[in-house]
Amino acid sequence: MSVDQVKRLYESMPAKLDQARRRFGRPLTLAEKILVAHADDFAKQEWSRGKAQLRLRVDRVALQDATGQMALLQFMQAGKKQVAVPSTVHCDHLIRAESGAAEDMQRAINENREVYDFLHSTSKKYGIGFWKPGAGIIHQVVLENYAFPGGLMIGADSHTPNAGGLGMAAIGVGGADCGEAMAGLAWEVLDPKLIGVHLTGKLTGWSSPKDVITYLCGLLTVKGGTNKIIEYFGPGAESISATGKGTICNMGAELGATTSLFHFDDRMAAYLRATERGDIARLAEQHREHLVADPDVIRDPRKFYDEVVEIDLSELEPHIVGPHSPDRARPISKLAAEVKKEGWPAGIRQTLIGSCTNSSYEDMKRAAHIAMQALKAGVKAKTPFLVTPGSERIYQTIKRDGIMDTFQKIGGTVLANACGPCIGQWKRSDVGKEETNTIVSSFNRNFPGRNDGSASTLSFLTSPEIVTALAFGGTLEFDPVHGTIPGPDGKPFRFTAPEGEELPALGFAGGDAGFEAPASDGDSVQVAISPTSERLQLLQPFPRWDTRDFGELPILVKTKGKTTTDHISPAGAWLRYRGHLDRISDNMFLGAVNAFTGEAGKGANPITGEVKTFTANARDLKAKGISWIVIGDENYGEGSSREHAAMSPRYLGCKVVIVKSFARIHETNLKKQGILPLTFAKTSDYDLFEQADRVSVRGLAALAPGKPVEVVIHKPDGKTVTIQCLQTMTDEQIGWFKAGSALNALT
Ligand code: MIC
Ligand code: SF4
């Protein structure tokens, strides 16, 4: 978005915000200001938190190489010549970490050539900015180049809210949402409720932005933010750098929040200037009052936010979360006792810093400060230490400033500027497949199997500086804040608290950022997809609803416990097939725990009784022309925005998913792909479903917003049980269901 467009947005705000203050009869929070300023039609729009469906115009769309393939394939189906809003593609997820940046990059380019060529040529053709492999991780690149206070963007990645560090409302969505916004349609989202987080005190010593969010994860849990925007404000916010704010907003995805954001302040202006956007900083300073909440909101927040959380940063201890869920939180000082009690292996096998969450200059600098202390004292690292810089800009700057040298001196390996081990793109040879082992990283997710494909790996998340100290302690029993480790002379060695500037004193290093602008004449660019490709496949429209109720569908899978998108459609080696719906569907439910047996990834075929993978069973049912249903637990579909977790089930014959509760992005993805998402009116009805049951869904012709749906469970002995299920579909979404998918409804 050009400076002129930002200026126009800011200049349009006073009138729009006044109109909203009058209509709502009260002052506005920042989240509301941004939503109002981006309303497709303010006058016609109904506003009601938690109830209304907002139609918004986004300023920008960001795609990455794993989810972006499907987003672009869907956009292409809309038949447009050019994208309607500024959009970018970022090649970051497909680079596998194996032996260090240079070799890993070359291997990735060779292995993924076909996909990169596809992304590159579609970008060129349709007017999309293209960030080459190695340019950096989507959210860091967006923060450095595109995010701006008061803006609204969507991205086909759940950690898009990272841009909230610069006061932007940036929301993670499925690829179909992006495709539609790029095609020029308004984008829809449930009017979110608002959580205000009032920050007082000051971050000091070992405490870092990561601790704000890991603490909140423990407090609010992984579903605490569902359909809510988290707005941070208060005097404490000024003690957090813009990139630190980005860390906090990024990991708000782990709370399931729609997005998170901070009010505009001088730290943001400083970051904008350091990243060569002084013109935007100046504009934001001129329009400051529109880029923060109204004064009355700050004075009496409880009147205007649905919930308020107080955090005194001066009291906040460093936290660590895990294993297996980002909300399993405790202060680092309490970890050793818990490790003993739980019998987790205390010895740490790998330490990793970086990722989109924590790879700012400040993060690297503070981690290097810890490493330097150990180097000076002659203390050796006890674990491998892997670093993923967030962008080429960070990489070049830490190289110039000697930070990389420090990491290398402690035996660290600097990986490509990419997702790598954070998304299972990690070839690890130091542990056996089923060996229980412990790793610690500064990433944001730690679901089973997430990093190295092994559910036996226990993954803990904490700040980069604590990760670095733990690399020297080598054990979860070491508390770097209060404890000591043996020095080379046998005497106890104690780290002092990390220090590090938020922005490089010499400015960011220049060099080839890895950006390619689209062609001026897109018509001349050809996008070719080979019909024999195993990486890319043109999409075929899903069949329309045949206007009949669903009768006696078998249950393909009833999942128990956490069913994240990593359980439904694992990443790692499967990322290879993200552009090929048929191939990727072989991973469907591989991580899902079968509620009938406790086993992951497989179950009895509902017709033959043979125990096979869920995919094999689904393919068999599909071949027989039988559709099926999924029963799920709480916060079903938590985590990633990947729509493959909805498309694969749809492709293999799923009609309905009934769960205790949904994560926001996944519920929308199901609707977009034409699957009926239902929740139990009575949570305990989950227990009624048994393996041999058949399930009917009645009254579909009368489907209407807010109207419950009748579900009949047919028991093998002929008995039936009728229950009520709820659905959250709007008229438009019911239209998607009837058309077979949102895309079908469009074309
Ligand atoms: C993630 O962190 O889980 C991912 C990989 O970035 C996903 C996107 C994907 O699955 O490609 C996300 O967060 O949406
Ligand atoms: Fe990449 Fe990990 Fe960030 Fe997702 S969370 S964008 S996989 S670095």
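The paragraphs below set out a description of the structure included in this document. Bear in mind the structure is a predicted one, so any value in this text is a computation, not a measurement. (Residues numbered from 1 in each chain as written. Chains lettered and ligands numbered in written order. Predicted model: local features only at pLDDT ≥ 70, side-chain atom pairs only at ≥ 80, totals over all residues. Heavy atoms only, no water.)

Before going further, it helps to spend a moment on the overall build of the protein. Along the protein, the regular secondary structure elements total 24 helices and 30 strands. In terms of overall size, the protein behaves like a compact globule, its C-alpha atoms giving a radius of gyration of 25 Å where 747 residues would be expected to give roughly 27 Å. Projected onto its principal axes, the C-alpha coordinates of the protein cover approximately 75 × 60 × 55 Å. Across the 747 residues that make up the protein, the buried fraction comes to 63%. Of all intrachain contacts in the protein linking residues separated by at least 6 positions in sequence, the fraction that spans at least 24 positions is 75%. (Helix = DSSP H or I, 4+ residues; strand = E, 2+ residues; numbered from the N terminus. Rg over C-alpha atoms; globule rule 2.2 N^0.38 Å. Buried < 20%, exposed > 50% of the residue type's maximum accessible area, 1.4 Å probe, protein only. Contact = heavy atoms within 4.5 Å.)

Here Ser530 is to be found in the loop between β21 (515-516) and β22 (550-558). Take Ser530: its relative accessible area is 32%, and that puts it in the partly exposed class. Spatially, the C-alpha atom of Ser530 lies 9.4 Å from that of Glu114, the residues being 416 residues apart in sequence. There is a polar contact of 2.9 Å between the side chain of Ser530 and the side chain of Thr532. (Polar contact = N/O pair within 3.5 Å; in protein donor to acceptor, adjacent residues only side chain to side chain.)

Quick look at the packing of aromatic side chains now. Applying the stated rule across the entire model yields 22 aromatic pairs. Put simply, the rings of Phe472, Phe478, Phe493 and Phe495 pair up and form one aromatic cluster. Its guanidinium or amino end placed over the ring of Tyr651, Lys622 lies 4.0 Å from that ring's centre, counting from NZ or CZ. Taking NZ or CZ as reference, Lys660 lies 4.3 Å from the ring centre of Tyr686, over its face. (Phe/Tyr/Trp six-rings, centres within 6.5 Å; stacked < 30°, edge-to-face > 60°. Lys NZ or Arg CZ within 6 Å of the ring centre and 35° of its normal.)

Residues in close proximity to ligand 1 total 14 residues, the closest being Asp157, Ser158, Arg445, Arg450 and Arg642. Interatomic distance of 2.8 Å between a side-chain N/O atom of His93 and an oxygen atom of ligand 1. Contact with the protein chains removes 97% of the 340 Å² of surface that ligand 1 exposes when unbound. Across the shell around ligand 1, the residue classes break down as 2 nonpolar, 7 polar and 5 charged. (Near = heavy atom within 4 Å. Areas by Shrake-Rupley, 256 points an atom, 1.4 Å probe, with all protein chains shown as cover. Nonpolar A, V, L, I, M, F, W, Y, C, P; charged D, E, K, R; others polar.)

Take the pairing of strand β29 (residues 709-714) next. Most of β29 is tucked away: 5 of the 6 residues are buried. Where strand β28 (residues 694-698) lies against β29, 5 bridges are found, and the strand directions are antiparallel. Bridge pairing links Ser696 to Val712 in β29. Where β29 and strand β30 (residues 720-726) come together, 6 bridges link them in antiparallel fashion. By the bridge assignment for β30, Val709 is matched with Cys725. Remark: 5 residues form the turn of the hairpin made by β29 and β30, two consecutive strands paired antiparallel; Gly718 in that turn has positive phi of roughly 95°. (Pairing = 2+ DSSP bridges.)

Further remarks concern the site of ligand 2. Around ligand 2, a shell composed of His93, His139, Asp157, His159, Ser355, Cys356, Cys419, Cys422, Ile423, Asn444 and Arg450 is seen. The residue makeup of the shell around ligand 2, split by class, is 4 nonpolar, 5 polar and 2 charged.

To continue, consider the nonpolar core. Counting residues in each nonpolar core, the largest one holds 182 residues, and the members touching the most others are Tyr232 and Phe495. Looking at this core element by element, the count peaks at 7 residues for helix α14 (residues 361-377). The residues touching Tyr232, leaving out its near neighbours within four places in the chain, are Val197, Leu199, Val212, Ile213, Leu216, Ile248, Ser260, Leu261, Phe262 and His263. Ile631, Val656, Phe680 and Leu700 belong to the second largest nonpolar core, which has 25 residues in total. (Core = buried A, V, L, I, M, F, W, Y, C linked by side-chain atoms within 4.5 Å.)

With that settled, consider the sheet that holds strand β8 (residues 193-200). With respect to topology, 4 strands assemble into an open sheet ordered β10-β9-β8-β11, the strand pairing being parallel. Only two strands of the sheet have a single neighbouring strand rather than two, namely β10 (259-262) and β11 (307-312). Neighbouring strand axes in the sheet, compared pairwise and without regard to direction, differ in orientation by 20° on average. As paired strands, strand β9 (residues 228-233) and β10 are joined by 4 bridges and run parallel to one another. Counted as the bridge partner of Ile230 is Ser260 from β10. Across the sheet, helix α9 (residues 242-250) is in contact with β9 and β10; its angle to β10 comes to roughly 155°. (Axes fitted to C-alpha atoms, helices over the stretch in contact; angles between N-to-C directions.)

Where helix α1 (residues 3-24) contacts helix α11 (residues 278-286), the two axes come as close as 10 Å, and the packing angle between them is 5°. In terms of orientation, α1 and α11 fall into the roughly parallel class. Residues Val3, Val6, Lys7 and Tyr10 of α1 pack against Asp279, Ile280, Leu283 and Ala284 of α11. Its residues assigned to classes, the contact of α1 with α11 shows 6 nonpolar, no polar and 2 charged. (Parallel < 35°, antiparallel > 145°, perpendicular 65-115°, else oblique.)

Counted under the stated rule, the structure contains 58 salt bridges. With its nearest N and O atoms 3.1 Å apart, the salt bridge here joins Asp405 to Lys409. Here the residue Asp405 and the residue Lys409 both occupy positions in helix α16 (residues 403-409), the gap between them amounting to 4 residues, near one helical turn. Accessibility expressed as a relative area gives 39% for Asp405, which makes it partly exposed. (Salt bridge = Lys/Arg side-chain N within 4 Å of Asp/Glu carboxyl O.)

With that settled, consider the side chain of Ser741. Checked against the element boundaries, Ser741 lands in the loop between α23 (731-739) and α24 (742-746). Not counting residues up to four positions away in its chain, the partners in contact with Ser741 are Phe542, Lys672, Gln673, Gly674 and Trp736.

Let's shift gears to α9. With 9 of 9 residues buried, α9 is to be regarded as a mostly interior element. Burial in α9 covers these residues: Ala242, Thr243, Gly244, Lys245, Gly246, Thr247, Ile248, Cys249 and Asn250. On its buried face, α9 is in contact with α6 (138-145), α8 (209-220), β9, β10, α10 (266-274) and α14.

In space, the 6 strands of this open sheet follow the order β6-β5-β2-β3-β4-β21, with mixed pairing throughout. Both edges of this open sheet fall to β6 (169-172) and β21, since each of them pairs with a single strand only. One ladder, built from 4 bridges, connects strand β2 (residues 60-64) with strand β3 (residues 87-90); its direction is parallel. Bridge pairing links Gln64 to His90 in β3. Against the sheet, helix α3 (residues 68-77) makes contact with β2 and β3, and its axis sits at roughly 125° relative to β2, the strand it touches most.

With respect to the secondary-structure elements, Asn594 resides in the loop between α19 (581-584) and β23 (602-604). Measuring from C-alpha to C-alpha, the distance between Asn594 and Leu556 comes to 9.8 Å, with 38 residues separating the pair along the chain. Apart from the residues within four sequence positions on either side, Asn594 is in contact with Lys558, Glu599, Lys602, Gly603 and Phe614. Of note is the side chain of Asn594, whose polar atom sits 2.8 Å from the backbone nitrogen of Phe596.

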